[in-house]
Amino acid sequence: MAVKDYIRERFFPHLWCPGCGHGIVLNGLLRAIEKLGLSKNEIVMVTGIGCSARIAGYVDFHTLHTIHGRALAFATGVKLSRPELKVIVPMGDGDALAIGGNHFIHAARRNIDMTAIVMNNRIYGMTGGQFSPLSGCGVIATTSPYANIDNDFDVVELSKAAGATFVARTTTYHVKEISDFIRKAILHEGFSVVEILTQCPTYFGRKNKEGEAADMLRRYKEITTPIGSDAKKENPDLIERGIFLQKENPEYCSEYNAIIQQAMKG
Amino acid sequence: MSQNIKFIQGNEVCAEAAIYAGLDFYAGYPITPSSEIAEHLAYRLPQIGGKFIQMEDEIASLCAIIGASLTGHKVMTATSGPGFSLMQEALGYAIMAEIPCVIVDVQRGGPSTGIPTHGSQGDVNQARWGTHGDHSIVALTASNHQDLFEMTVYAFNLAETYRTPVILLLDELVGHMRERLIMPEKGEIPLVERLRTSVREGVDYHPYLPREDGRLPMSDFGGVHRYNVTGLYHDMWGFPSSEPRTVHGLIRHLVDKLENRIGEIAKFREYHLEDADVVLISYGCSARSALHVVKNRRLRGERLGLLELQTLWPFASEIVREKCAGARSVVVVEMNMGQMLQAVKTAVDEPEKVFLANRIDGVFITPTDISNILRLIQGKGV
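All residue numbers here refer to positions counted from 1 along the written sequence of the relevant chain. Written order decides the labels, with chains lettered from A and ligands numbered from 1. The model is predicted, so local features are restricted to residues of pLDDT at least 70 and side-chain atom pairs to those at 80 or more, both for listing and for counting; the totals for chains, interfaces and linings are taken over all residues. Side-chain calculation: all heavy atoms of the structure are included, whereas hydrogens and water are not.

Digging into the sheet that holds strand S8 (residues 191-197) of chain A
Going by this rule: Here a strand pair is declared whenever DSSP counts at least two bridges between the two strands. Secondary structure is summarised from DSSP: a helix means a run of H or I of at least four residues, a strand means a run of E of at least two, and numbering begins at the N terminus for each. Each axis is a line fitted through C-alpha atoms, taken for helices only over the stretch in contact, and angles between the N-to-C directions span 0 to 180 degrees.
Across the sheet, which stays open at both edges, the nine strands sit in the order S9(A)-S10(A)-S7(A)-S8(A)-S4(A)-S3(A)-S1(A)-S2(A)-S10(B) with mixed pairing between neighbours. Lying at the two open borders of the sheet, with one neighbouring strand each, are strand S9 (224-226) of chain A together with strand S10 (228-230) of chain B. Shown here is a sheet whose adjacent strand axes are inclined to one another by a mean of 20 degrees, direction ignored. As paired elements, strand S2 (residues 62-65) of chain A and S10 of chain B share three bridges and run parallel to each other. Within S10 of chain B, the residue paired with Thr63 of chain A across the bridge is Asn228 of chain B.

Overview of the interface of chain B and chain A
This is how it is decided: Note on definitions: a residue-residue contact is assigned when non-hydrogen atoms from the two residues lie within 4.5 Å. Here's the idea: put two parts together, see how much 1.4 Å probe accessible area each one loses, and the total over both is what we call buried area. By salt bridge we mean one thing: a side-chain nitrogen of Lys or Arg within 4 Å of a carboxyl oxygen of Asp or Glu. Between N or O atoms, a polar contact is any pair within 3.5 Å; within protein, one atom must be a potential hydrogen donor and the other a potential acceptor, and residues adjacent in sequence are included only when both atoms are from side chains. Ten residue types, Ala, Val, Leu, Ile, Met, Phe, Trp, Tyr, Cys and Pro, are classed as nonpolar, four, Asp, Glu, Lys and Arg, as charged, and the remainder, Gly among them, as polar.
Across the boundary between the two partners, chain B contributes 42 residues, which contact 40 residues of chain A. Taking both partners together, chain B and chain A bury about 3300 Å²; carbon and sulfur atoms supply 60% of that area. Among the residues chain B hides against chain A, the three largest losses belong to Lys51, Glu56 and Arg226 of chain B. Together they make up 21% of the total. At the boundary of chain B with chain A, the tally comes to three salt bridges. The shortest N-O distance in the salt bridge between Arg70 of chain A and Glu89 of chain B comes to 3.0 Å. Applying the counting criterion to the chain B and chain A interface returns 19 residue pairs in polar contact (both at pLDDT 80 or more). Listing elements by their share of the side of chain B that touches chain A, those giving two or more residues are strand S3 (51-54), helix H3 (58-70), helix H5 (88-97) and S10 of chain B. With eight residues, H3 of chain B is the single largest residue contributor to the side of chain B that touches chain A. Residue classes in the side of chain B that touches chain A are distributed as 22 nonpolar, 13 polar and seven charged.

Re empty space enclosed by the protein
All names here are of chain A. So the rule is basically this: Residues are said to line a cavity or pocket when one of their atoms sits within 4 Å of a point; the points come from a 1 Å grid over protein atoms alone, cavities being sets where a 1.4 Å probe fits but cannot get out and pockets being open sets with protein on both sides within 12 Å along at least five of seven lines. Grid points are joined across faces, edges and corners, and a volume is the space filled by probe spheres set on the points.
Considering all chains together, one arrives at two cavities of 30 Å³ or more under this definition. Roughly 60 Å³ of internal volume is contained in the largest cavity. What lines the largest cavity is simply Lys79, Leu85, Lys86, Val87, Ile88, Asp113, Met114, Thr115, Ala185, Ile186 and His188. Mapped by element, the contributors of at least two residues to the lining of the largest cavity are strand S3 (86-92), strand S4 (114-120) and helix H7 (175-187). Partitioning the lining of the largest cavity into residue classes produces six nonpolar, two polar and three charged. Empty space within the second largest cavity amounts to approximately 30 Å³.

Digging into helix H12 (residues 317-324) of chain B
Residues and elements named next belong to chain B. Spelled out, the test is: Relative accessibility decides the category of a residue: with a 1.4 Å probe and only protein chains considered, values under 20% of the type maximum give buried, values over 50% give exposed, and everything between is partly exposed. The directions considered for the arc run from the helix axis to the C-beta atoms.
Of the positions making up H12, those classed as buried are Ile319, Val320 and Cys324. One side of H12 carries all its buried residues, which in axial view fall inside an arc of 120 degrees. With respect to the buried face of H12, the exposed residues turned more than 90 degrees away are Glu318 and Glu322. Each element contacted by the buried residues of H12 is listed here: strand S11 (268-271), strand S12 (278-282), strand S13 (304-309), strand S15 (329-334) and helix H13 (339-347).

Some words on the sheet that holds S11 of chain B
Residue and element names in this part refer to chain B. Strand order in the open sheet formed by five strands is S11-S13-S12-S15-S16, with mixed pairing between adjacent strands. Both outer strands of the open sheet, S11 and strand S16 (354-358), are each paired with one neighbouring strand and no more. Between one strand axis and the next, the sheet turns through 20 degrees on average, direction left out of account. Both S15 and S16 contribute to a ladder of five bridges, which runs parallel. Pairing of Val333 across the sheet is with Ala357, part of S16. On top of the sheet, helix H11 (residues 284-299) reaches S11, S12, S13 and S15; it is set at about 160 degrees to S13, its chief contact.

As for the packing of aromatic side chains
Worth spelling out the cut-off: Working definition: a ring pair exists when centres of Phe, Tyr or Trp rings (six-membered ring for Trp) sit within 6.5 Å. Plane angles under 30 degrees give stacked, over 60 give edge-to-face, the rest tilted. Only when the NZ atom of a Lys or the CZ atom of an Arg is both within 6 Å of the ring centre and within 35 degrees of the ring normal do we say a charge sits over the ring.
Tallying each qualifying case throughout the model produces 11 aromatic pairs over all chains. Seen in terms of ring centroids, Phe104 of chain A and Phe191 of chain A are 6.1 Å apart; in terms of plane orientation they differ by 85 degrees. Their pairing is edge-to-face. Separated by 87 residues along the polypeptide, Phe104 of chain A in helix H5 (residues 101-110) and Phe191 of chain A in strand S8 bring together distant segments of the chain. Residue class for Phe104 of chain A comes out buried when judged on its relative accessible area of 0%. Members of the aromatic cluster, connected to one another through ring pairs, are Phe12, Trp16 and Tyr58 of chain A. In this structure, Arg128 of chain B is placed above the aromatic ring of Trp129 of chain B, and the distance from its NZ or CZ to the ring centre is 3.8 Å. Taking the ring centre of Tyr154 of chain B as reference, the NZ or CZ of Lys267 of chain B above it sits at 4.5 Å.

Regarding the domain arrangement of chain B
Residues and elements named next belong to chain B. Convention followed: Note: domain ranges come from an automatic or database domain assignment.
Parsing chain B into structural domains produces domain 1 (5-182) and domain 2 (268-377). Here domain 1 and domain 2 have C-alpha centroids that lie 26 Å from each other. Contact residues are listed per partner, giving 29 residues for domain 1 and 21 residues for domain 2. Of the roughly 2000 Å² buried between domain 1 and domain 2, counting both surfaces, carbon and sulfur atoms make up 53%. In this structure, the connection of domain 1 to domain 2 is made through two salt bridges.

Remarks on unusual backbone geometry
All names here are of chain B. A cis amide bond links Thr32 to the next residue, Pro33, at an omega of 5 degrees. Along the chain, the position of Pro33 falls in the loop between strand S2 (25-28) and helix H2 (35-44). Each neighbour pair has its own omega, and for Gly110 with Pro111 the value is 5 degrees, a cis peptide bond. Tracing the backbone shows Pro111 in the loop between strand S5 (101-109) and strand S6 (115-119). One non-glycine residue with positive phi stands out, namely Glu98, at about 55 degrees.

Spelled out as structure tokens, the structure:
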């Protein structure tokens, strides 16, 4: 199947702003699925609320557009009740880690087999440019007009500490990494997290004088580096990209199946 | 055939009745006085191949069962007041997206942490209006274990029939009480199974287009029909819409599908109403004391009757009006500040003849409490 066969064409053009990075994430996600040769009927996409969450409307899978922050909780019910389905959960940074932070760490802790994609543009776009828990200090937003004093989470470190068994990070500049990491994340048996830095030229870019979409993309190239590169040793401020963790741990649904086997024996 | 008689706790009755009804997925979070439901199901569900999961909070619990309902399972969660407050967000989602599910609220005293190990009926109006926006809702209750079993099964049946969340509004007293239950035989209580679409693969399926009888056939996630589910106003395919006619049509559908069928949904019991000049109206634990008063007073020749409500919402106004028409006075017996009282006053022809007999200190309302109030109403003094 071609990538086009995975989308609901009648809803295009999409509602994202010109220059938004979310379309690049969608592209990378669909290419990953195409490469895996998955059937559309075996994929459930669950999203929360926000710009990122609208991705569910555009893909021709079983799609569940839920409530702000709760996508992983809904997804847990879908997955545990039908473990043979592939569950993919794209979320924004506020969705995943502010209002949804508790669900995020507990889904990771259970190591339930699903793929969480954090589309991190460091801002609340749909509500008009407020700071998020991934904005970081110094960022200008409509609710931090004098500069943000809230520390940010490191999604990679948080995911690892919470119990995720596959953790990766890339950016919308590195499009091939997006589809490569998502493909590996879907194949991974356990809770997988892929953080993708994605530009919001409308709010983040404008408020923080980062220029237009192309300037923001170029910046992703400049401020990131592959894991363990020499550049990182010279400049510790660089953000690392790559697969940080990939390990085998007991998966929740498989473990529960063992419980059923035990209970049914009586 | 010999009867299967158990001496059993109310919360366990609810859990066993849910299994009888076909429950095979439960998600919940521990909270007094409902925890025994979760404990019982954690043990029982895997024995029948079902799934139990303890979530990180009540918000996640309701979200998880909604997800599991969409894959074709009969689902339930149970909680008490503070957890029920947290569930209001996802309850609205289940109403909007028309997801069959059962939510048990074993009521304790509130607001806030309140009085966790004592009884109350203070969540009656929260069940009706706890989540935001216009909507209708089904809330059921029971005063004894035999009824509790039947009403739990009924909750699942209504959830499947109307594609709606159903609230089972129990209370600490019935939930923690032990009494006799005659376990119904398999097939004794009819079950409503999920209505699935007969639309074939490749043919356009409309998850949100009601049939002529108002029912909406479903298709399981993972099946051959891929559609969208959202908490936004949506069209017949489930895709977001802000088109005024679509918005208007959807909200009318969500309200009318229940409010137009009150006659079918309303369940109640009546005792000595035929010639009653004092009608007691009660439900849940309070109805036990109310019934005791009616039986005792009848022995003395006093014309008392009881209308026990088993369906609280949607409120059966017509039935209440009719049953109270001949009464000199109507006394609503409940363990709150008069939450059902207001609905009864609105329903009857003469609201000034409606009085409240209540108790709000966490202690079970006794027949003496009710009798004292009756004497005051009748001008006899206590």
